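Close look at the chain arrangement
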Amino acid sequence: MNLRYLYALMGLLLLLAATATAGSFNAEMDVDTYVDADNANQTFEDSDLLWAATLDKEPTKQVYLSFINVLGAQGIYKPEQIASATLTLDAAQVDKPGKIKAYFLHGAALDTMSWYDKLDYDAEVSSSPVDVEEVGSYTFDVTSIVKKAVETCTEDCPYSIVLVAEDDATVGFASSEASGNQPALKYVTEE
């Protein structure tokens, strides 16, 4: 009888070792939306564009991208396992060029969220700013954000990425509602 348990334990360990090998993963988005200070009670979950804007160095629109957390199911339990992570977005409309920065948020962004009940992001965990000059595809290095997601929780607790404009920029990114390229989060693991 004890031999069966030993075989079961060995099989489980082999399964865990197999899932912890290096690989490339695409995160599944749960919700993408934005909030707008000028329309503070409104929600924008069905919008084709996700707006990030700042006026006089104060954010007026912020983008929220919420992801389903399956890191543990992929064998990712330590931040060091994340070799790199990128968030790719299509800027579909650039009213005013400037820098956009991505931030980590522990928790889910709900599709009913408005400016009044928006969640605060972690200002200490961010990407480098990306200079958005014109319509096109842009890639953010969000390695530190995905590492923080792993550190915070590896199963059943969603995480989000918040896009905040700098330099009085106003940029509309294609949402999951738009035809064409949708926001995509990809991360690569090490053994």
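Residues numbered from 1 in each chain as written. Predicted model: local features only at pLDDT ≥ 70, side-chain atom pairs only at ≥ 80, totals over all residues. Heavy atoms only, no water.

**Some details on helix α2 (residues 143–152)**
Here α2 has its buried residues at T143, I145, V146, A149 and V150. All buried residues of α2 project into a common sector of 165° when viewed along the axis, lining one side. Against the buried residues of α2 lie β5 (82–96), β6 (98–106), β7 (122–126), β9 (136–141), β10 (159–165) and β12 (184–189). (Buried < 20%, exposed > 50% of the residue type's maximum accessible area, 1.4 Å probe, protein only. Helix = DSSP H or I, 4+ residues; strand = E, 2+ residues; numbered from the N terminus. Arc of directions from axis to C-beta. Contact = heavy atoms within 4.5 Å.)

**Regarding the pattern of salt bridges**
Counted by the stated rule, this structure contains two salt bridges. Notably, a salt bridge pairs K61 with D36, separated by 3.9 Å at the nearest N-O pair. Linking K61 in strand β4 (residues 58–67) with D36 in strand β2 (residues 29–36), this pair joins segments that are 25 residues apart in sequence. As far as burial versus exposure is concerned, K61 and D36 are alike and both buried. Between K148 and E151 there is a salt bridge, and its shortest N-O distance comes to 3.3 Å. Here K148 pairs with E151, and both are found in helix α2, just three residues apart, close to one helical turn. (Salt bridge = Lys/Arg side-chain N within 4 Å of Asp/Glu carboxyl O.)

**Describing the state of the cysteines**
If you walk through the whole model with that rule in mind, you get one disulfide. Paired through a disulfide, C153 and C157 show a sulfur-sulfur distance of 1.8 Å. As far as burial versus exposure is concerned, C153 and C157 are alike and both buried. (Disulfide = S-S within 2.5 Å.)

**Thoughts on the pairing of strand β11 (residues 170–174)**
Burial analysis of β11 places five of its five residues in the buried class, the great majority of the element. Residues T170, G172 and A174 point to one face of β11 and V171 and F173 to the other, with burial holding for every one of them. Sheet analysis places strand β3 (residues 49–55) next to β11, joined by five bridges and oriented antiparallel. Bridging from a neighbouring strand, A53 pairs with T170 of β11. Bridging between β5 and β11 involves four bridges; their strand directions are antiparallel. (Pairing = 2+ DSSP bridges.)

**Observations regarding the side chain of S66**
Here S66 shows up in strand β4. With relative accessibility at 0%, the residue S66 sits in the buried group. The contacts of S66, once residues within four sequence positions are left out, are M29, D30, V31, G107, A108, A109, P158, Y159 and S160.

**Re the side chain of T154**
By secondary structure assignment, the location of T154 is in the loop between α2 and β10. Ignoring anything within four residues of it in the chain, the contact list for T154 reads N69, V70, L71, G72, I76 and Y77.

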